Amino acid sequence: QVQLVESGGGLVQPGGSLRLSCAASGFTFSSAAMSWYRQAPGKERELVVLITSDGGSTNYAGSVKGRFTISRDNAKSAMYLQMNSVKAEDTAVYYCNAKTPWGGWTRVYWGQGTQVTVSS
């Protein structure tokens, strides 16, 4: 059974830092492209950052570039998002996403999300 479990969300003050984690199981993590998405109230879900299966390439949304850092540990089947200099507009539910190759197709999995609230 595939599971993606996010943790680390919470309340943080503007300018502060937070580290999100995503623990994966039930699929070959080292073959999966992993991403963080977020969805703010009343808005569509958006891609925050993607990291390739080997961790060699990343792609950040312009709104978080220079403030957020994605990383992964294939030995632990885990992915992380270090969030620095957070802003009120970073408030959202953050979702872990996995895309795995499967017989010429791509399987997509989602976590349940973790709430991040930036407020003083």
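This one's a predicted model, so the numbers in the text were calculated from it and none came from an experiment. (Residues numbered from 1 in each chain as written. Predicted model: local features only at pLDDT ≥ 70, side-chain atom pairs only at ≥ 80, totals over all residues. Heavy atoms only, no water.)

Asker: Before we move on, can you summarise the state of the cysteines with the specific residues and values?
Answerer: As used here, a disulfide is simply a covalent bond connecting the sulfur atoms of two cysteines. One pass over the full model with this rule turns up one disulfide. A sulfur-sulfur separation of 2.0 Å characterises the disulfide bridge that pairs Cys 22 with Cys 96. With the S-S bond torsion at -70°, the cross-link from Cys 22 to Cys 96 turns out left-handed. Of this pair, Cys 22 sits in strand E3 (residues 18-25) while Cys 96 sits in strand E9 (residues 92-102), placing them 74 residues apart in sequence. Owing to a relative accessible area of 1%, Cys 22 belongs among the buried residues under this scheme. (Disulfide = S-S within 2.5 Å. Helix = DSSP H or I, 4+ residues; strand = E, 2+ residues; numbered from the N terminus. Buried < 20%, exposed > 50% of the residue type's maximum accessible area, 1.4 Å probe, protein only.)

Asker: A description of the pairing of strand E4 (residues 33-39) should follow, citing residues and the corresponding values.
Answerer: Burial runs high along E4: five of the seven residues are buried. Of the pairings in the sheet, the one linking E4 to E9 comprises seven bridges and is antiparallel in character. Looking at E9, one finds that Ser 35 is bridged to Asn 97. Bridge count between E4 and strand E5 (residues 46-51): five bridges; the pairing is antiparallel. Counterpart to Tyr 37 in the pairing with E5 is Leu 47. Hairpin connection, E4 to E5: the antiparallel pair is bridged by six residues, and Gly 42 has positive phi, about 80°. (Pairing = 2+ DSSP bridges.)

Asker: Describe in detail unusual backbone geometry, supporting the description with residues and values.
Answerer: Most peptide bonds take the trans form, and the phi angle of most residues other than glycine is negative. Phi angles above zero are rare outside glycine, and Ser 77 is one such case at about 50°. In the Ramachandran plot, Ser 85 falls in the positive-phi region, its phi being about 50° despite a non-glycine side chain. Ser 85 sits in the partly exposed class, given a relative accessible area of 41%.

Asker: How would you sum up the environment of Glu 46? Please name residues and give values.
Answerer: Mapped onto the fold, Glu 46 is located in strand E5. Along the backbone, Glu 46 and Tyr 95 are 49 residues apart, and their C-alpha atoms lie at a distance of 9.8 Å. With residues near it in sequence (within four places) discarded, Glu 46 still touches Trp 36, Tyr 37 and Arg 38. (Contact = heavy atoms within 4.5 Å.)

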